[in-house]
Amino acid sequence: MMILLGFQSAFSQTDHTAGKRFILLEDEIIHKVKERISFGSQKPLFPAVQALLREADQKLLEGPFSVTHKTQLPPSGDIHDYTSMGPYWWPDPEKEDGLPYIRRDGEINPEYYDYKDKEELGKLMDALKTLSEAYFFSGEEAYAAHAIKLLSAWFLDPDTKMNPNLNYAQRIPGRTEGRGIGIIDTRSFSELPDMLYMLSDSEHWIAELENGMENWIALYLDWLINSEHGKDEAIHGNNHTTWYFAQAIPLALYVDQQETADSLARAGLPLIMDEMIEADGSQPKELARTRSWDYSAMNLLGIMSYAKAADHTGLDLWAYENPKGGSIRKALDFMVPYLDTGKDWPYEQIHDKNDARLAAPLSIAARVYQYKSYKRLAERISNTEEFLYWNLLKFKDLSH
């Protein structure tokens, strides 16, 4: 697209989103970056912006995505109900029909990929992330228009929308048609409010769309809080609990349910901060898994997302130390030494250890704790050009 040419005109538009509030992203930094780009004062960033826009151009060719693209009906008979299968459940070789399925932790049953809703959701959220960022920093309406088309298809269009529940997520043949554990399928919804804020200045962002999204999110939030699946997930006790609160709080804030967000943040504190991190920073529930590195990093990112959302409720969890002496920073520092290839991770990890899983937590910690070493590590192990997480680091002074 022509947006890759002539940054001055593309970035000189009036910013009507300045009064909007980001939740997981840092409002002041993002607007400062946008302003500096618009005045051409950050030329070193232009290659990163161009990479973002090239990726967004590819996303213009993708979608729309929908739960109605699956071929198998959920037990409800309603194609609009999201459906997925538990990844680590396999036919019992001792049973002729394989039922009920048995668990093999960390080993994905190929049948899992026959359920397309999770795949479609992943593609949707990936496209929305890229398109919303590309629109916000460029002002190019084509990106917003396509993002809004994707939003409408997944959430609002009567023919293609997803019902606001996860009643049939992560089913297990022979055991259950849905579980609270399935709520982790939508952990990317933690970022959805920020994506919507980025799009809200577009001429394609109309009141009908905004009202529709607010209504859908409010219904889904109600299901998260009041359904049996939601209640089970909130107290599940490992990364599932973390990501439950990490998505529920931003959704509550987006629909102006401040009291609900406050309540969720405080309910999550003992379940996450006090229970999951030991004095040395280890996360025992994640270390017990067959992919202990992966799950430790995943849970740490969830804890940080929960902490960023909790900032909007008056809870500062970044310096919080639990009764055992555990903290967010200790959890990160527990893992950092194993980024050195000379020091082996001593816990079970049935797949190759992917250091890049710790890049996002390091990037966040570099900003929060103003610590350059985290920034350098994030840059060294990152295998992505993801615009916001990596390039915003350049616009905040790090003290040491």
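Since we're looking at a predicted model, the values are computed, not measured.

Peer 1: In this structure, what is going on with the overall build of the protein chain? I would like to understand it.
Peer 2: Helices and strands together make up the secondary structure of the protein chain, namely 16 helices and four strands. Taking all 400 residues of the protein chain together, the buried fraction comes to 57%. Counting only contacts in the protein chain whose residues sit at least 6 apart along the sequence, the fraction spanning at least 24 positions is 73%. When the accessible surface of the protein chain is split by element, carbon and sulfur atoms take 50% of a total near 17000 Å².

Peer 1: I keep staring at the packing of helix 12 (residues 292-310) against helix 14 (residues 359-368) and nothing clicks. Help me out?
Peer 2: Helix packing geometry: the angle between the two helix axes and the distance between the axes. Contact geometry for helix 12 and helix 14: axes closest at 9 Å, N-to-C directions at 35°. Considering only the axes of helix 12 and helix 14, their crossing is left-handed. For the pair formed by helix 12 and helix 14, the contact residues are Ala-297, Leu-300, Leu-301, Met-304 and Lys-308 on the first element and Ala-360, Pro-361, Ile-364 and Ala-365 on the second. Counted by class, the contact of helix 12 with helix 14 contains eight nonpolar, no polar and one charged residues.

Peer 1: For this particular structure, what's the right way to read the pattern of salt bridges?
Peer 2: A side chain with one charge can pair with a side chain of the opposite charge if their charged atoms come near. A complete count under the given rule lists 21 salt bridges for this structure. Of the charged contacts, one joins Glu-26 and Arg-367 as a salt bridge, the two residues approaching to 2.8 Å between their closest N and O atoms. Remark: Arg-367 occurs in helix 14 and Glu-26 occurs in the loop between helix 1 (7-10) and helix 2 (27-38); sequence separation between them is 341 residues. Among the residues examined, Glu-26 registers a relative accessible area of 25% and is labelled partly exposed.

Peer 1: Sorry, what's going on with the side chain of Lys-70 here?
Peer 2: Counting through the fold element by element, Lys-70 comes out in the loop between helix 3 (46-59) and strand 1 (83-85). For Lys-70, a relative accessible area of 7% gives the class buried. Within polar-contact distance, the side chain of Lys-70 engages the backbone oxygen of Asp-81 at 2.9 Å. Contacts of Lys-70, omitting those with residues within four sequence positions, involve Ile-79, Asp-81, Tyr-82, Thr-83 and Asp-117.

Peer 1: In this structure, what is going on with the packing of aromatic side chains? I would like to understand it.
Peer 2: One pair of aromatic rings is described through two measures. These are the centre distance and the angle between the planes. A complete count under the given rule lists 21 aromatic pairs for this structure. Judged by centre distance (5.3 Å) and plane angle (25°), the rings of Trp-216 and Tyr-220 are stacked. Pair noted here: Trp-216 and Tyr-220 are both in helix 7 (residues 207-226), with a separation of four residues, about one helical turn.

Peer 1: Explain unusual backbone geometry here, please?
Peer 2: One can expect most non-glycine residues to show negative phi and most peptide bonds to be in trans. Each neighbour pair has its own omega, and for Gly-63 with Pro-64 the value is 0°, a cis peptide bond. Relative to the elements of secondary structure, Pro-64 occurs in the loop between helix 3 and strand 1. A cis amide bond, omega -10°, links Leu-99 with the succeeding residue Pro-100. Within the secondary structure layout, Pro-100 lies in the loop between strand 2 (89-90) and strand 3 (102-103). In this structure, Asp-256 is a non-glycine residue whose phi angle is positive, near 60°. Position of Asp-256 among the secondary structure elements: in the loop between helix 9 (239-254) and helix 10 (258-276). Residue Gln-370 is not a glycine yet carries a positive backbone phi of 55°. Secondary-structure assignment places Gln-370 in the loop between helix 14 and helix 15 (372-381).

Peer 1: Even after reading the chapter, I still don't get the confidence of the model for the protein chain, so can you show me in this structure?
Peer 2: Detailed reading of the predicted model is not advised wherever pLDDT is low. Taken residue by residue, the protein chain gives an average pLDDT of 89. The fraction at 70 or more is 89%. Contacts of residues 2-19 to residues separated by more than four positions or lying in other chains number 36 contacts, the stretch itself having pLDDT below 50. In the predicted structure, residues 393-400 sits below a pLDDT of 50 and forms 23 contacts with residues beyond four places in sequence or in another chain.

Peer 1: Even after reading the chapter, I still don't get the packing of helix 7 against helix 9, so can you show me in this structure?
Peer 2: Here helix 7 crosses helix 9 at 140°, and the two axes come no closer than 9 Å. Here helix 7 is positioned oblique relative to helix 9, judged by the angle of their axes. With respect to the hand of their crossing, helix 7 and helix 9 are arranged in left-handed fashion. From helix 7, Glu-210, Glu-214, Ile-217, Tyr-220, Leu-221, Leu-224 and Ile-225 reach across to helix 9, where they touch Tyr-244, Gln-247, Ala-248, Leu-251, Ala-252 and Tyr-254. Split by residue class, the contact of helix 7 with helix 9 holds ten nonpolar, one polar and two charged.

Peer 1: What's the story with helix 10 in this structure? I'm lost.
Peer 2: Because an α-helix packs 3.6 residues into every turn, residues spaced three or four apart end up facing the same way. Over its 19 residues, helix 10 extends 26 Å from the first C-alpha to the last, a length consistent with the 27 Å expected when each residue adds 1.5 Å. The largest bend along helix 10 measures about 40° and falls at Leu-269, with the proline Pro-270 one to four residues further on. All of the buried residues along helix 10 are Ala-261, Leu-264, Ala-265, Gly-268, Leu-269, Ile-272, Met-273, Asp-274 and Met-276. Looking at the buried side of helix 10, the elements it contacts are helix 7, helix 9, helix 11 (284-287), helix 12 and helix 13 (328-335).

Peer 1: Teacher, can you tell me more about the nonpolar core here?
Peer 2: Generally speaking, a soluble globular protein has its nonpolar side chains buried in company with each other. If you look at the biggest cluster of nonpolar residues, it comprises 111 residues, and the most contacted ones within it are Leu-192, Ile-328, Leu-358 and Leu-362. The element best represented in this core is helix 12, accounting for eleven residues. Every residue in contact with Leu-362, bar those within four places of it in the chain, is listed here: Leu-332, Val-336, Leu-339, Tyr-374, Leu-377, Ala-378 and Ile-381. Ranked by size, the runner-up nonpolar core spans five residues in total, among them Met-85, Trp-89, Tyr-115 and Ile-172.

Peer 1: Would you mind going over the environment of Gly-122 with me for this structure?
Peer 2: Among the secondary structure elements, Gly-122 is positioned in helix 4 (residues 116-138). A sequence separation of 63 residues divides Gly-122 from Asp-185, and the C-alpha atoms of the two residues are 9.0 Å apart.

Peer 1: Can you walk me through helix 5 (residues 141-156) in this structure?
Peer 2: If you check which residues of helix 5 are buried, you get Glu-141, Tyr-143, Ala-144, His-146, Ala-147, Ile-148, Leu-150, Leu-151, Ala-153, Trp-154 and Phe-155. On its buried side, helix 5 packs onto helix 3, helix 4, helix 6 (192-199) and helix 7.

Cut-offs applied
Residues numbered from 1 in each chain as written. Predicted model: local features only at pLDDT ≥ 70, side-chain atom pairs only at ≥ 80, totals over all residues. Heavy atoms only, no water. Helix = DSSP H or I, 4+ residues; strand = E, 2+ residues; numbered from the N terminus. Buried < 20%, exposed > 50% of the residue type's maximum accessible area, 1.4 Å probe, protein only. Contact = heavy atoms within 4.5 Å. Areas by Shrake-Rupley, 256 points an atom, 1.4 Å probe, with all protein chains shown as cover. Axes fitted to C-alpha atoms, helices over the stretch in contact; angles between N-to-C directions. Left-handed = near helix turned anticlockwise from the far one by under 90°. Nonpolar A, V, L, I, M, F, W, Y, C, P; charged D, E, K, R; others polar. Salt bridge = Lys/Arg side-chain N within 4 Å of Asp/Glu carboxyl O. Polar contact = N/O pair within 3.5 Å; in protein donor to acceptor, adjacent residues only side chain to side chain. Phe/Tyr/Trp six-rings, centres within 6.5 Å; stacked < 30°, edge-to-face > 60°. pLDDT = per-residue confidence, 0-100. Parallel < 35°, antiparallel > 145°, perpendicular 65-115°, else oblique. Expected span 1.5 Å × (residues − 1). Bend = angle between axes of the 7 residues up to and from the residue. Core = buried A, V, L, I, M, F, W, Y, C linked by side-chain atoms within 4.5 Å.

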